[in-house]
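# Summary of the model geometry
The residues making up each chain are set out below.
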Amino acid sequence: MTTDAALAADEAGPIPSPLANPAPAGRWPHRHLLDVDVLTPDQLDLVMHTTETMTEILARPIPKVPALRGWGVTNLFYEASTRTRVSFEVAAKNLSADVVNVTASASSVTKGESLIDTIRTLEALGARLLVIRHATAGAPNLAAEHFGGSVLNAGDGAHAHPTQALLDLYTMQTHLEGGSVAGRKVVILGDVLHSRVARSNLWSLTAAGADVWVCGPATLLRGFDAWAAAGVGGSRRFTVTSDLGAALREADVVMALRIQKERMASGLLPSLREYAARFGLTRERVALAKPGALVMHPGPMNEGVEIAADVAAGGQSVITDQVANGVAVRMAVLYLLSGARAVGA
Ligand code: NCD
């Protein structure tokens, strides 16, 4: 075959897909995904439905579609990650994107290059969708101001982790009878203070009608009373308590959070052993929730601290499903953002 013929054959594209590029942008007006607080209940539904389609694709013998063919997706991670980074990479590859992974500790960041220069460099090298994780809250927002494509926040400081909240919502919807979190009691337990997962989940779960309780030692709930009283309050249902028994009573979902020692100032916890004794999610404590309540954890887990090993591996745990659903949700979000970009949103 001549080069021209080979290129022409390639132009014809691979296997036809229900996901023609670009995604329909009408119902998805967002250029970036920096947090879930901007998503209306309708837009949350759109992400959930798109995720269902992606889940169907993932069940095929070859889970690959050409939706993002020719799109440069760059993963820029300034913080450690296993499941989030790998699932973004797998998601982008399943959509046939060209994926580049940059680990800040092995990049020119170590030579003093600024975030803005790094982003401009990656854009010049072909990035159109930039996935960024950073220890500083607001870094993805800054990136969005300087990047010509779309920015996806993969976790910034204690601020936000939108795709984790979306995969948590999807996991709950697929496991709860009736397929909805509306009216369901969801308990987020542990180091809420340092958790971007808790903050993003608060927005999406309350927007979807869940009754959200955050629970932990008072030192790890600081500031959340103000959320309950102000913004997240209103018509949304949100309770802050250190009373674990009250939180677990009638709960439909219990999500344990990791104790984030790396972000923790001294004096917030007497010791991990004491935390585990008072707030660790044990079998006896899970039994205080509704029979069959879902047990969740965003990972990585410290078994024996915030969650007992037998609970994490037990029949009520959907922790592995959370990880698997991360791929489908990230495929959905990359796809929706590419559609918005294609019409210049
Ligand atoms: C979380 C994170 O990095 O925010 N993990 C994740 O992305 N699944 C939670 C944590 O680090 O404890």
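To start, this report covers the structure provided alongside it. All chains use their own residue numbering, which begins from 1 and follows the written sequence. Reporting in this predicted model follows two pLDDT cut-offs: at least 70 for local features of residues, and 80 or more for side-chain atom pairs to be given and counted; totals over whole chains, interfaces and linings ignore these cut-offs and use all residues. Hydrogens and waters are ignored; side-chain quantities use all the structure's heavy atoms.

### Some words on the pairing of strand 8 (residues 253-256)
The alternating pattern of strand 8 places Val 253 and Met 255 and Val 254 and Ala 256 on opposite faces, both of which are buried. Note on pairing: DSSP must find at least two bridges between two strands before they are called paired. Under the DSSP-based scheme used, a helix requires at least four consecutive residues in state H or I and a strand at least two consecutive residues in state E, with every element numbered from the N terminus. Pairing analysis gives 4 bridges linking strand 5 (residues 185-189) to strand 8, with the strands arranged parallel. Looking at strand 8, one finds that Val 186 is bridged to Val 253. One ladder, built from 3 bridges, connects strand 8 with strand 9 (residues 294-296); its direction is parallel. The classification of residues rests on relative accessible area computed with a 1.4 Å probe and restricted to protein chains. Under 20% of the type maximum is buried, over 50% is exposed, and intermediate values are partly exposed.

### Digging into the packing of helix 4 (residues 115-124) against helix 5 (residues 139-146)
Angular values range over 0 to 180 degrees, each being the angle between N-to-C directions of two axes fitted as lines to C-alpha atoms, with helices fitted over their stretch in contact. Where helix 4 contacts helix 5, the two axes come as close as 10 Å, and the packing angle between them is 50°. Between helix 4 and helix 5, the crossing angle belongs to the class labelled oblique. The hand of the helix 4/helix 5 crossing is right-handed. Only Ala 139, Leu 142, Ala 143 and His 146 of helix 5 make contact with helix 4, whose side of the interface consists of Leu 115, Ile 116, Ile 119, Arg 120 and Glu 123. Here the term charged refers only to Asp, Glu, Lys and Arg, the term nonpolar to Ala, Val, Leu, Ile, Met, Phe, Trp, Tyr, Cys and Pro, and the term polar to all other amino acids, Gly among them. Of the residues that constitute the contact of helix 4 with helix 5, the class distribution is 6 nonpolar, 1 polar and 2 charged. For classification purposes, angles smaller than 35 degrees are called roughly parallel, those larger than 145 roughly antiparallel, those between 65 and 115 roughly perpendicular, and all remaining angles oblique. Left-handed describes a crossing in which the near helix is turned anticlockwise from the far one by less than a right angle; the clockwise case is right-handed. Any pair of residues with heavy atoms lying within 4.5 Å of one another is described as a contacting pair.

### Quick word on helix 2 (residues 41-58)
For helix 2, built from 18 residues, the straight-helix expectation of 26 Å at 1.5 Å per residue is met to within 8% by its first-to-last C-alpha distance of 25 Å. When we look at burial in helix 2, the residues that qualify are Gln 43, Leu 44, Leu 46, Val 47, Met 48, Thr 50, Thr 51, Met 54 and Ile 57. A helix's residues, less one, multiplied by 1.5 Å, set its expected span.

### Digging into the packing of helix 6 (residues 162-175) against helix 7 (residues 196-207)
Close contact between helix 6 and helix 7 brings their axes to 8 Å; oriented N to C, the two are set at 55°. With respect to each other, helix 6 and helix 7 are oriented oblique. Remark: the crossing between helix 6 and helix 7 carries right-handed chirality. Judged by residue contacts, Pro 162, Gln 164, Ala 165, Asp 168, Leu 169 and Met 172 of helix 6 engage Val 197, Ser 200, Asn 201, Ser 204 and Leu 205 from helix 7. Of the residues belonging to the contact of helix 6 with helix 7, the class tally is 6 nonpolar, 4 polar and 1 charged.

### Things to note about the side chain of Arg 196
Relative to the helices and strands, Arg 196 is located in helix 7. Its relative accessible area of 7% is what places Arg 196 among the buried residues. With sequence-adjacent residues up to four places away left out, Arg 196 is seen in contact with Glu 79, Arg 133, His 134, Gly 155, Asp 156, Gly 157, Ala 158, His 159, Ala 160, His 161 and Arg 263.

### A closer look at the sheet that holds strand 5
Taken together, 5 strands build an open sheet; the order of strands is 7-6-5-8-9 and the sheet is parallel. Each edge of the open sheet is held by one strand with a lone partner, namely strand 7 (237-241) and strand 9. Across the sheet, the mean angle separating the axes of adjacent strands is 15° when strand polarity is ignored.

### A closer look at the nonpolar core
The biggest cluster of nonpolar side chains holds 63 residues, and the ones touching the most others in it are Leu 95, Leu 166, Met 172 and Leu 334. Considering each element in turn, this core owes the most residues, 10 residues, to helix 13 (residues 319-342). Residues contacting Leu 166, with those up to four places away along its chain left out, are Leu 33, Val 36, Leu 39, Leu 44, Val 47, Met 48, Val 329 and Val 333. Take the buried Ala, Val, Leu, Ile, Met, Phe, Trp, Tyr and Cys residues and link them wherever side-chain atoms come within 4.5 Å; each set so joined is a nonpolar core. Leu 193, Trp 213, Val 254 and Val 286 belong to the second largest nonpolar core, which has 30 residues in total.

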